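The chain contents come next:
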Amino acid sequence: MWSGQPHPDEGHPPPLETVPVSWKGCRESPRGLAENPVGEEAQGEESPTAAQLDVLRLRSSSMEIREKGSEFLKEELHKAQKELQLKDEECERLSKVREQLEQELEELTASLFEEAHRMVREANMKQAASEKQLKEARGKIDMLQAEVTALKTLVLTSTPASPNRELHPQLLSPTKAGPRKGHLRHKSTSSALCPAMCPTAGHPLTPDKEGKEVDTTLFAEFQAWRESPTLDKTCPFLERVYREDVGPCLDFTMQELSALVRAAVEDNTLTIEPVASQTLPAVKVAAVECGSTNTCALSGLARACRHRIRLGDSESHYYISPSSRARITAVCNFFTYIRYIQQGLVRQEVEPMFWEITRLRKEMSLAKLGFFPQEA
């Protein structure tokens, strides 16, 4: 082989030496022809070396290209890996955000449903309470309208000088008056005043033909109360009536029930109902806890009970005897009349009011002593 060939590990081959080639024609001298084969032989020896050099150049160029391409691909791969890592981190962050939003949405939905149920429940309770209050208010309005109508009729058709005896049976004779019927709730017996009236204020009070005489102390207490009517039990007028009449009249054997009855009378929530004979079997079951029609729930005595009382909105009924009913009715009549005075429905002078109060106190005194009208 040619001693000038480069080693494969070297970078570039050495430069080739120029070999003279003769291009003369056939007319050259025989010497030239004789030298031509020598030149061709030299060219034949140099041609393989040039081909090898070209192959080496191509091989080295391809290696350089491959190295550069490898470096470029590595850089691109590194960039792609970094981008992929960033995208993975972004996906993980968005996934956490989505989970947090879903949890908050569930909590918000649960709280909204709970709040909606609470509002609906409160609205139903308020509606039920409003309906109950409306029903009670309508009942009270109807009752007050009936009382006002009755009072107007009483005032328009009855005067102290000429009372209407048909509206006030207590003014009739015993043969014409007839028995009284059951006392219903809030029913007033504020009748016409006694025909005999005391003289006007400032003049001496003298007894009339019936032998009645006004107690100046009682009259002064009532006069002071009339100037500023109130239901406060501490005022002198009502304190005396409570002590002398109301308390003893409602003092029954059954102390606990007596206290409830007294409170119901003061609050104007007591109802007295007559018990018809045909309805007795139907109410015996409901009245087991409150006594029977043969025993008075207030006195505890064996008496025929034709009336029953109900306290406030309670569904329990208590059967009472005629004597107990008369005592309760007398107290209810007194409270009804003083309520009318307080509301300004009684338009009379002080003296007629005082005599009516005195008559109502007399009824309470007689009732607590056991005097009551017989029923048919």
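Residues numbered from 1 in each chain as written. Predicted model: local features only at pLDDT ≥ 70, side-chain atom pairs only at ≥ 80, totals over all residues. Heavy atoms only, no water.

Trainee: An account of the overall build of the chain is needed here, citing residue identities and associated values.
Mentor: The secondary structure content of the chain amounts to 8 helices and 3 strands. The burial tally for the chain puts 26% of its 376 residues in the buried class. Element-wise, carbon and sulfur atoms account for 57% of the exposed surface of the chain, whose accessible area totals about 26,100 Å². (Helix = DSSP H or I, 4+ residues; strand = E, 2+ residues; numbered from the N terminus. Buried < 20%, exposed > 50% of the residue type's maximum accessible area, 1.4 Å probe, protein only. Areas by Shrake-Rupley, 256 points an atom, 1.4 Å probe, with all protein chains shown as cover.)

Trainee: Explain helix α7 (residues 322–342) residue by residue, including any values.
Mentor: Given a rise of 1.5 Å per residue, 21 residues ought to cover 30 Å, and the 30 Å separating the end C-alpha atoms of α7 matches this to within 8%. Of all 21 residues in α7, 19 are buried; the element is thus mostly enclosed. Downstream of α7 by a residue or two, Gly-344 has a phi angle that is positive, lying close to 80 degrees. (Expected span 1.5 Å × (residues − 1).)

Trainee: Mind laying out the side chain of Ser-324, listing which residues take part and the relevant values?
Mentor: In this fold, Ser-324 is placed in helix α7. Setting aside its immediate chain neighbours within four residues, Ser-324 contacts Phe-252, Cys-296, Leu-298 and Ser-299. (Contact = heavy atoms within 4.5 Å.)

Trainee: Explain the packing of aromatic side chains to me, using residue names and the numbers behind them.
Mentor: All chains considered together, the criterion is met by 8 aromatic pairs. The interplanar angle of 65 degrees and the centroid separation of 5.4 Å between the aromatic rings of Phe-222 and Phe-237 together place this pair among those described as edge-to-face. A residue pair is termed long-range when its members are at least 10 positions apart, and Phe-222 in helix α3 (residues 216–227) and Phe-237 in helix α4 (residues 236–249) qualify at 15 residues. Phe-222 gets classed as buried once you look at its relative accessible area, which sits at 0%. The buried category is assigned to Phe-237, whose relative accessible area is 5%. Among the aromatic side chains, those forming a connected cluster through ring pairs are Phe-219, Phe-222, Trp-225, Phe-237, Phe-354 and Trp-355. One cation-aromatic arrangement involves Arg-327 over Phe-252; the distance from NZ or CZ to the ring centre is 4.2 Å. (Phe/Tyr/Trp six-rings, centres within 6.5 Å; stacked < 30°, edge-to-face > 60°. Lys NZ or Arg CZ within 6 Å of the ring centre and 35° of its normal.)

Trainee: I'd like a description of the environment of Asp-267, backed by residues and values.
Mentor: If you trace the backbone, Asp-267 turns up in helix α5 (residues 255–267). Assessed through its relative accessible area of 53%, Asp-267 is described here as exposed. Expressed as a C-alpha distance, the spacing of Asp-267 and Phe-335, which sit 68 residues apart in the sequence, is 9.7 Å.

Trainee: Tell me about the pairing of strand β2 (residues 307–311), residues and numbers included.
Mentor: Within a regular strand, side chains alternate between the sheet's two faces. Along β2, 5 of the 5 residues are buried, which leaves the element largely enclosed by surrounding structure. Taken together, the 5 bridges between strand β1 (residues 270–274) and β2 define a ladder with antiparallel strand orientation. Across the sheet, Pro-274 pairs through a bridge with His-307, a residue of β2. The sheet contact formed by β2 and strand β3 (residues 318–320) spans 3 bridges and is antiparallel. Looking across to β3, one finds that His-307 is bridged to Ile-320. Connecting β2 to the next strand, β3, in antiparallel fashion are 6 residues, including Gly-312 with a positive phi near 65 degrees. (Pairing = 2+ DSSP bridges.)

Trainee: Let's hear about the sheet that holds β2: which residues, and what values?
Mentor: Read across the sheet, 3 strands follow the order β1-β2-β3 without closing on themselves; strand pairing throughout is antiparallel. The sheet terminates laterally at β1 and β3, the two strands that pair on one side only. The average undirected angle you get between the axes of adjacent strands in this sheet is 35 degrees. Running at roughly 75 degrees to β2, α5 makes contact with β1, β2 and β3 of the sheet. (Axes fitted to C-alpha atoms, helices over the stretch in contact; angles between N-to-C directions.)

Trainee: I'd like a rundown of the state of the cysteines, residues and numbers included.
Mentor: Linking two cysteines covalently via their sulfur atoms produces the bond known as a disulfide. Per the stated rule, a full pass over the model turns up 0 disulfides. We note that Cys-332 lacks a disulfide partner, and the nearest cysteine sulfur, in Cys-249, lies 9.7 Å from it. (Disulfide = S-S within 2.5 Å.)

Trainee: Please set out the pattern of salt bridges residue by residue, giving values where relevant.
Mentor: Applying the stated criterion across every chain yields a total of 15 salt bridges. The residue Glu-244 makes a salt bridge to Arg-240 at a minimum N-O spacing of 3.3 Å. Taken together, the residues span about one helical turn, with Glu-244 and Arg-240 both in helix α4 at a distance of 4 residues. Glu-244 sits in the partly exposed class, given a relative accessible area of 30%. Here Arg-240 falls in the buried class, since its relative accessible area comes to 19%. Put simply, Glu-244 and Arg-243 hold a salt bridge, and the shortest N to O gap is 3.7 Å. Among the ionic contacts, a cluster of salt bridges with common partners joins Glu-221, Glu-239, Arg-240, Arg-243, Glu-244, Asp-245 and Arg-361. (Salt bridge = Lys/Arg side-chain N within 4 Å of Asp/Glu carboxyl O.)

Trainee: Let's hear about unusual backbone geometry: which residues, and what values?
Mentor: Across residues other than glycine, the phi torsion is negative in most instances, and most of the peptide bonds are trans. Phi is positive for Asn-268, which is not a glycine, with a value near 60 degrees. Mapped onto the secondary structure, Asn-268 falls in the loop between α5 and β1. On the basis of relative accessibility, which here comes to 24%, the residue Asn-268 falls in the partly exposed class.

Trainee: Pulling in residues and values, what's your account of the packing of α4 against α7?
Mentor: Taken N-terminus to C-terminus, the directions of α4 and α7 make an angle of 155 degrees; their axes are 9 Å apart at the nearest point. Our classification of the angle between α4 and α7 gives roughly antiparallel. Listed contacts from α7 to Leu-238, Val-241, Tyr-242, Val-246, Pro-248 and Cys-249 of α4 are Arg-327, Val-331, Phe-334, Phe-335 and Ile-338. Of the residues in the contact of α4 with α7, the class split is 10 nonpolar, no polar and 1 charged. (Parallel < 35°, antiparallel > 145°, perpendicular 65-115°, else oblique. Nonpolar A, V, L, I, M, F, W, Y, C, P; charged D, E, K, R; others polar.)

Trainee: Could you give an account of the nonpolar core, naming the residues involved and the relevant values?
Mentor: Counting 48 residues, the largest nonpolar core has Val-246, Leu-270, Ile-309, Ile-328 and Phe-334 as the members making the most contacts within it. Of all elements in the fold, only α3, α4, α5, β1, β2, β3, α7 and α8 (350–368) reach the threshold of two or more residues within this core. When residues of this core are assigned to their parent elements, the largest contribution, 10 residues, is made by α7. (Core = buried A, V, L, I, M, F, W, Y, C linked by side-chain atoms within 4.5 Å.)

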